[in-house]
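# Coordinates in review
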Amino acid sequence: MADDEIDYNIVFPDAVVSDRHWRGTKEPVVVLLGWAGCKDKHLSKYSSIYNEQGCVTIRYTAPLKTVFISESFGYKEMKSTALKLLEILYDYEVENSPIFFHTFSNGGFMLYRYIVELLHSDKQFSSLRVIGAVVDSAPGSGNVRGALRALTATLGPKISPVLRYVLLALFAVTVFLLRVVLYPLTKYIHKNHYDAVKDRPPTWPHFFLYSRADQVIRHRDVEVFMKTLKQKGVAVDSFDFASTAHVSHFRDFPEQYASKCRNFLVACMEDLKGSKLKKRQKVLSQ
């Protein structure tokens, strides 16, 4: 099966918990896409927000080389990963359940970009019902300094100073040339994640969680992105934590963060029920 080729975790809720929250309707499947270098033990803390609400959760984080090398050079390695993640829904027979995404930083958003493109273009996935997405600390565009900060944090303290310097220097030159200087030309070959989703956004609601204090993703990038989505008719909600560092909103404000995510999920489920009711009423009136 395709899911044997990627390292993911799936958790099914207790039937009693699921029925208590969703009252006989199909529980949502929440797909969490971690930030670059994210350890599963950290991502699992976020998935527990949804497990406690009776949801199925799927956790996955793209490898570092895919985020920092493949995407920088325009290799669409993540597209095959996106395909495998969507096929997991069919492998576990949850493809008829409402689908909900929770992405983190550019690392998660890069993968989300390819999932969105597949949902746009691949008839195999046309029946999937995506009800919404939470976007944490993303997306950012053309911020070389922020990308270097992200890579520095990801490399950690154990790597030798010389190797760290070499890797950061090579990465900075590559990103600056391909994603800044030459991007007006290279975008016709490979758009970055920011422009790809902004130019052809998905229709489901989005909830952006960000911070003006984020040193990796500029808040202006997030706000411009949200404005564009709104102009294209996408329902957008947002919350600025103001003081929190990159992907640290949950760490600093766990109860507030979890409550906002749960409330948004419930609202998306209510929207789904409302659209079903409208369709049913339309059929009955014909």
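Residues numbered from 1 in each chain as written. Predicted model: local features only at pLDDT ≥ 70, side-chain atom pairs only at ≥ 80, totals over all residues. Heavy atoms only, no water.

Here we take up unusual backbone geometry. Looking along the chain, the bond that leaves A138 and enters P139 is cis, with omega of -5°. Tracing the sequence through the fold places P139 in the loop between β5 (129-136) and α6 (144-155). If you check the backbone angles, S105 has positive phi at about 55° while not being a glycine. Checked against the element boundaries, S105 lands in helix α5 (residues 105-121). On the basis of relative accessibility, which here comes to 7%, the residue S105 falls in the buried class. Phi angles above zero are rare outside glycine, and V247 is one such case at about 40°. Locating V247 in the fold gives a position in the loop between β7 (236-240) and α11 (249-252). For V247, a relative accessible area of 12% puts it in the buried group. (Helix = DSSP H or I, 4+ residues; strand = E, 2+ residues; numbered from the N terminus. Buried < 20%, exposed > 50% of the residue type's maximum accessible area, 1.4 Å probe, protein only.)

So, on to the sheet that holds strand β2 (residues 29-33). Spatial strand order, β1-β3-β2-β4-β5-β6-β7: 7 strands in an open sheet with mixed pairing. What marks the edges here is a single partner per strand, and that holds for β1 (8-11) and β7. Taken pair by pair, the neighbouring strands of this sheet meet at an average axis angle of 15°, ignoring direction. When β2 meets strand β3 (residues 56-60), the two strands line up parallel, connected through 5 bridges. Note that in β3 the partner of L32 across the bridge is R59. (Pairing = 2+ DSSP bridges. Axes fitted to C-alpha atoms, helices over the stretch in contact; angles between N-to-C directions.)

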